[in-house]
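Each chain is listed here by its residues.
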Amino acid sequence: MKGDCGTHRWVLLPVLTKATIEGGWDLKPTATIPFGGGRHSPPSKISESLVTTLKQLQPDSATTVIVIFEEPLTPEKDAILASPAIPRHERLEMFRASSIQAQEASVEFLKKKGTDYFASVKNVEFEEQQIKPFPHLNALVTKATAKLVEDLAEKPNILTILPNQNCDLIAPTPTPPSAGGTALAVKEQELAEGITWGLKYLKIDQIWEEYGFSGEGILVGHLDTGVYSEHPDLRGKVSKWAFFDPLSRELDGFPPFDTQTHGTHTAGIIVGGNSSGVAIGVAPEAKLASAGMLVESAKFSQILAGMEWAIRHQVSVLSMSLGFTSYSEAYEVISNRLIEREIFPCFAIGNDGLGNTKSPANSPNAVGVGAIDWKGDVPSFSSGATLSWYNPINGTFDHDIKPDLCAPGVAVFSSVPPLQGADIYASYDGTSMAAPYVAGVAALLMGALQKTGKAISVRSLIDLIYKHAIQFGDPGHNNRYGRGIINPLNTLRELLEE
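Residues numbered from 1 in each chain as written. Predicted model: local features only at pLDDT ≥ 70, side-chain atom pairs only at ≥ 80, totals over all residues. Heavy atoms only, no water.

### As for the nonpolar core
Line of reasoning, step 1. Counting residues in hydrophobic clusters, the biggest one holds 74 residues, and the most contacted among them are Phe344 and Val438.
Line of reasoning, step 2. Looking at this core element by element, the count peaks at 14 residues for helix 12 (residues 431-452).
Line of reasoning, step 3. When near neighbours in sequence (up to four residues on either side) are disregarded, Phe344 contacts Ser316, Val317, Leu318, Val367, Val438, Ala442, Met446, Val458, Leu461, Ile462 and Ile465.
Line of reasoning, step 4. If you look at the next biggest cluster of nonpolar residues, it comprises 43 residues, including Ile66, Leu137, Cys167 and Leu322. (Core = buried A, V, L, I, M, F, W, Y, C linked by side-chain atoms within 4.5 Å. Buried < 20%, exposed > 50% of the residue type's maximum accessible area, 1.4 Å probe, protein only. Helix = DSSP H or I, 4+ residues; strand = E, 2+ residues; numbered from the N terminus. Contact = heavy atoms within 4.5 Å.)

Here it is, written out as structure tokens:
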């Protein structure tokens, strides 16, 4: 079985482990096998998925491609960036400057030669504004012909070139009224106590009351279907807003809106208040940088544009409940870059059940989040699998077990837009709800660090959260609970002790 990651071609060999058998096959490409005739032949920079796209492309046609560049940081810059105490704007500027340098030769080539490659293309002209650099991610999007892609791949500092794939919303389902007497009892308890079962389960109210932390000063990136910012629980909490169309253009002049209900619901879980009499948000004093782009799906270029926008606005957390079905190492590279830029990457693992996962949540460094119900059980829809591959360089089998954490994701009560006179609250089931719970916890913890003058890296914060996760199911990291259910209170206590 073969796969690709832009810079390498891979052979995937299954590994029979207990986790793999229980989780099903969700194989990931990761080992380098040079091709083209020799042991030391350079691997192709053109991803195998893009090769397939280009073979199907008519000679007089063009397509949109994603170019991911290498990070050409000097040892001196690496040493500076190793400190979590470096100011955020300085860190981002160092990465941005190095990215511009890495992209320089390719951008110059496209500007000078792009029109020539499009001479035989029907109905599409090459224009400089079609080149969209994303310096904070060290990537760019451009229109290209098959020949242009081939020649572009010869330029320096390019890691991989990929097709502009579709990314789907990880859609939740409304909690059915027939969910049983227990679901009804949970709802009645929420009304009586003035707090959702998820916040109570995670002891968020205890953190608010005993420590006074509620996410103040933290900006959370929220890439979704949009947001209805005039909801009573969200007023004043969306401090940044953008909408990106399928051509990755930021549309100006639109007030915040939600193309569905999904984005408003996830926003409420992160920062919502208690206007209904029931507290819904984990970090109600945090703010959102919310970007809309999804209806049922979006292009990879739209997601990158949203990420670039969020990084530019210096978010500390990035929450996404969306996913690609096919895997590319590019998602792994992007997740790593978020962490290097001190951004907590929090993504829903998917609603396709055991044996499946979504990208980018299944990338090794991303925090992939599964769901639990009010009893602490993992529902059948929550995805999980072991991604396994053979590394021929050192002759070992490697594994990536997903999810990483679990959080409340069943009968989650939160905000929705007013649609045709309907209620402005709803309860949904999905890992789409679990991921913003973890994003909210990250904001809560980061707010505590900021308020107490402490500084640790995002990588260290992730490790600390994993350390305190409450294990259920099989011992250790497993395909249902990951490392366990997130435990904000114990994580906070250790943060404050350090």
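### As for the packing of aromatic side chains
Line of reasoning, step 1. Under the definition given, this model contains 14 aromatic pairs.
Line of reasoning, step 2. Relative to Tyr117, the ring of Phe109 has its centre 6.0 Å away and its plane inclined at 70 degrees; by these criteria the two rings are edge-to-face. For the pair Phe109 and Tyr117, a shared accessibility class is recorded, and that class is buried.
Line of reasoning, step 3. Here Phe244 and Trp309 contribute two aromatic rings whose centre-to-centre distance is 6.5 Å and whose plane-to-plane angle is 70 degrees, an arrangement assigned as edge-to-face. In this pair, Phe244 sits in the loop between strand 10 (238-243) and helix 9 (262-271) while Trp309 sits in helix 10 (residues 300-312), placing the two residues 65 residues apart along the sequence. Of the two residues examined, Phe244 and Trp309, each falls in the buried class.
Line of reasoning, step 4. Among the aromatic residues, ring-to-ring pairing joins Trp241, Phe243, Phe254 and Phe257 into one connected group.
Line of reasoning, step 5. Over the ring of Phe109 we find Lys155, and its NZ or CZ is 4.4 Å from the ring centre.
Line of reasoning, step 6. Positioned over the ring face of Phe95 is Arg341, at 4.0 Å from the centre of the ring. (Phe/Tyr/Trp six-rings, centres within 6.5 Å; stacked < 30°, edge-to-face > 60°. Lys NZ or Arg CZ within 6 Å of the ring centre and 35° of its normal.)

Remember that the coordinates give geometry; whether it matters functionally is a separate question.
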